[in-house]
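Per-entry structural report
Below are the chains, spelled out letter by letter.
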Amino acid sequence: MELNTGLVVGAHGRHFIVEAADRQRVSCHRRGKKVDCVVGDRVQWCVAGDGGVIEAVLPRRSLLWRQDRWRSKSFAANIDRLLVIVAASPPMAESLLARALIAAAHAGIDAQVLLNKADLPQADDARALLEPYCRMGVPVIEASVKHDAATARAMLAPLLAGQVTLLLGASGVGKSTLINTIVPDATAQVGEISRALNAGRHTTTTTSWYWLDGTHEAAVLDSPGFQEFGLQQIEAADLARWLPDVAAHAASCRFVNCTHRSEPDCAVRAAAERGEVSHSRLRLYERLYEELSQPRY
Ligand SMILES: Nc1nc2c(ncn2[C@@H]2O[C@H](COP(=O)(O)OP(=O)(O)OP(=O)(O)O)[C@@H](O)[C@H]2O)c(=O)[nH]1
Ligand SMILES: [Mg+2]
Ligand SMILES: [Zn+2]
């Protein structure tokens, strides 16, 4: 049995698309029905029938995942950067953005934010919500990937070069449109309402890997929109570490184990009083702390 190495570029339930060294794509399943494989994984596989079997998953340099109350979900392995996409419309859910950034920080993955559909009038509301994120040092860029594709391409090219970037965001923010704008020959399905087919909106249902260049050094990953984002992988007592605006003040609290909720001489709450930590972020921290303090089963 000859083992080959390959890259998982697509996942459909128990089926995986593996790109072999010769760049052929092979339909594979995982030996022993394990579900430990995710897009971005480097794997060892062998030929079986007209497809293949994944025998082993090689060690990862990164894994972005979320832990909901009852299940965990891996988004992608071996990515260098997370690009969270938010849009002027549908309106931005700040909690999802914050959670994605916390998960990335916890996983040691660099994260940036792209505000898409900057052409729409509602963009100003999104800009206001993003203000605390800009202030805490999260890079935030703006684009209109559909209506000003040339500018978007020019802006994104240096950001995406030489990196593996995962696009993440709610349904309808324009992730697949972005893929089609920057990837030569990509045909990701986008959410235009298909009147001719009367088929309703197209929505992305699986994560897919797209090479950005012929030399296969840069890639961008499309993913399905998400609605929830559990952070049960993080201990409540550890939470503040992953919120840069809270963490910036935590060392000055009177108590080393301050939870920044009601302790005296809390430097985080003092900073919020002075307007240096936004009230929306402090509330978000409190709600998350509460959520992560619930008993786990
Ligand atoms: N006005 C405006 N509309 C855009 C822009 N980019 C994308 N859209 C539209 O937004 C809708 C949703 O785009 P998609 O690319 O399918 O969104 P998605 O994030 O891939 O959505 P899911 O696959 O469901 O997660 C489509 O109708 C796009 O034409 C933009 O820059 N401006
Ligand atoms: Mg999509
Ligand atoms: Zn404190």
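Please read all numbers here as calculations on a predicted model, not as lab measurements. (Residues numbered from 1 in each chain as written. Chains lettered and ligands numbered in written order. Predicted model: local features only at pLDDT ≥ 70, side-chain atom pairs only at ≥ 80, totals over all residues. Heavy atoms only, no water.)

Some words on the pairing of strand β11 (residues 164-168)
Put simply, side chains in a regular strand alternate between the two faces of the sheet. Using the following cut-off: Buried residues are those whose accessible area, probed at 1.4 Å on protein chains only, stays under 20% of the maximum for their type, while exposed residues exceed 50% and partly exposed ones sit between those limits. Elements are defined by DSSP. Helices are runs of H or I of four residues or more, strands are runs of E of two residues or more, and each kind is numbered from the N terminus. By definition, two strands form a pair when at least two bridges between them are found by DSSP.
Counting buried positions along β11 gives five out of five residues, so the element sits mostly inside the fold. A two-sided burial pattern is seen for β11, the buried positions comprising Val164, Leu166 and Leu168 on one face and Thr165 and Leu167 on the other. Pairing of strand β8 (residues 81-87) with β11 involves four bridges; the strand directions are parallel. When the bridges of β11 are listed, valine 84 appears paired with leucine 168. Relative to strand β15 (residues 219-222), β11 runs parallel, the two being bridged by three bridges. Residue pairing for β15: threonine 165 is matched across the bridge by valine 220.

Thoughts on the packing of aromatic side chains
Definition in use: Paired rings are identified among Phe, Tyr and Trp, the last through its six-membered ring, by centres lying within 6.5 Å, and are further divided according to the angle between planes into stacked (under 30 degrees), edge-to-face (over 60) and tilted (the rest).
Taken as a whole, this structure holds five aromatic pairs when the rule is applied. An aromatic cluster is present here, built from Phe75, Phe226 and Phe229 joined pairwise through their rings.

Details of the coordination of the zinc ion (ligand 3)
Stated formally: In this description, a donor is an N, O or S atom within 2.8 Å of the metal centre, a cutoff extended to 3.2 Å for sodium, potassium and calcium. Water is not part of the atom list, which can make sites seem incomplete. Sites are called tetrahedral only when four donors show all angles between 85 and 135 degrees, square planar or octahedral only when four or six donors show opposite pairs over 155 degrees and all other angles between 65 and 115, and irregular in any remaining case.
At this site the zinc ion (ligand 3) is bound by Cys253 (SG), Cys258 (SG), His260 (ND1) and Cys266 (SG), with donor distances of 2.1 to 2.4 Å. Relative to the metal, the four donor atoms surrounding the zinc ion (ligand 3) lie at angles of 102 to 114 degrees, and the coordination shape comes out tetrahedral. If you list the donors of the zinc ion (ligand 3) from N- to C-terminus, the spacing comes out as C-x4-C-x1-H-x5-C. Taken together, the positions of cysteine 253 in the loop between α5 (244-250) and α6 (267-273) and cysteine 266 in the loop between α5 and α6 put the pair 13 residues apart, joining distant regions of the chain.

Quick word on unusual backbone geometry
Here the bond from serine 89 into proline 90 is cis, since omega is -5 degrees, no more than 30 degrees from zero. Of note in this structure, asparagine 78 is not a glycine but carries a positive phi near 60 degrees. Counting through the fold element by element, asparagine 78 comes out in the loop between β7 (72-77) and β8. Positive phi is not limited to glycine here, since lysine 117 has a value of about 65 degrees. Inspection of the secondary structure assignment puts lysine 117 in the loop between β9 (110-116) and α2 (123-135). With a relative accessible area of 22%, lysine 117 lands in the partly exposed category.

Here we look at helix α3 (residues 149-160)
As a reminder, the rule being used: A helix is expected to reach a length of 1.5 Å times the quantity of its residues less one. The directions considered for the arc are those from the helix axis to the C-beta atoms. Any two residues whose heavy atoms approach within 4.5 Å are treated as being in contact.
The first and last C-alpha atoms of α3 sit 15 Å apart over 12 residues, in line with the 16 Å expected at 1.5 Å per residue. Those residues of α3 that sit buried are Ala149, Ala152, Leu156, Leu159 and Leu160. Summarising the axial view, the buried residues of α3 lie within an arc of 90 degrees, below the 170-degree limit, and thus occupy one face. Opposite the packed face of α3, turned more than 90 degrees from it, sit the exposed residues Ala150, Ala154 and Pro158. Its buried side turned inward, α3 meets β8, β9, β10 (140-142), β11 and α4 (175-182).

Things to note about the site of ligand 1
Spelled out, the test is: Here, proximity means that at least one heavy atom of the residue falls within 4 Å of the molecule or strand. Here a polar contact is recorded for every N or O atom pair within 3.5 Å, except that within protein the pair must consist of a potential hydrogen donor and a potential acceptor, and residues adjacent in sequence are included only if both atoms are side-chain atoms. Per-residue and other accessible areas follow the Shrake-Rupley method at a 1.4 Å probe size, with only the shown protein chains counted as cover for residues. Gly counts as polar in this scheme, as do all residues outside two lists: the nonpolar Ala, Val, Leu, Ile, Met, Phe, Trp, Tyr, Cys and Pro, and the charged Asp, Glu, Lys and Arg.
The environment of ligand 1 is made up of 24 residues, and the closest members are Ser171, Thr177, Gly191, Thr203 and Thr204. Between ligand 1 and lysine 117, the relevant distance is 2.9 Å, taken from an oxygen atom to a side-chain nitrogen or oxygen of the residue. With respect to ligand 1, the backbone of valine 145 contributes an N or O atom lying 3.1 Å from an oxygen atom. Protein burial of ligand 1: of its 660 Å² of free accessible surface, 93% is covered by the chains. A total of three residues in the shell around ligand 1 trace back to one element, the largest contributor, which is α4. When grouped by side-chain class, the residues that make up the shell around ligand 1 number six nonpolar, 12 polar and six charged.

Concerning the coordination of the magnesium ion (ligand 2)
Bound to the magnesium ion (ligand 2) on the protein side are Ser176 (OG) and Thr204 (OG1), at distances that span 2.0 to 2.2 Å. With serine 176 in helix α4 and threonine 204 in the loop between β13 (200-201) and β14 (208-211), the pair connects residues that are 28 residues apart, well separated along the chain. Given the relative accessible area of 8%, serine 176 is considered buried.

Remarks on helix α7 (residues 279-293)
An ideal rise of 1.5 Å per residue puts 21 Å on 15 residues; α7 measures up with 21 Å between its terminal C-alpha atoms. Taken residue by residue, α7 has Arg281, Leu282, Leu284, Tyr285, Leu288, Tyr289 and Leu292 as its buried positions. Buried positions in α7, seen along its axis, are confined to an arc of 155 degrees and lie on one side of it. Buried residues along α7 sit against α1 (94-107), α2, α5 and α6.

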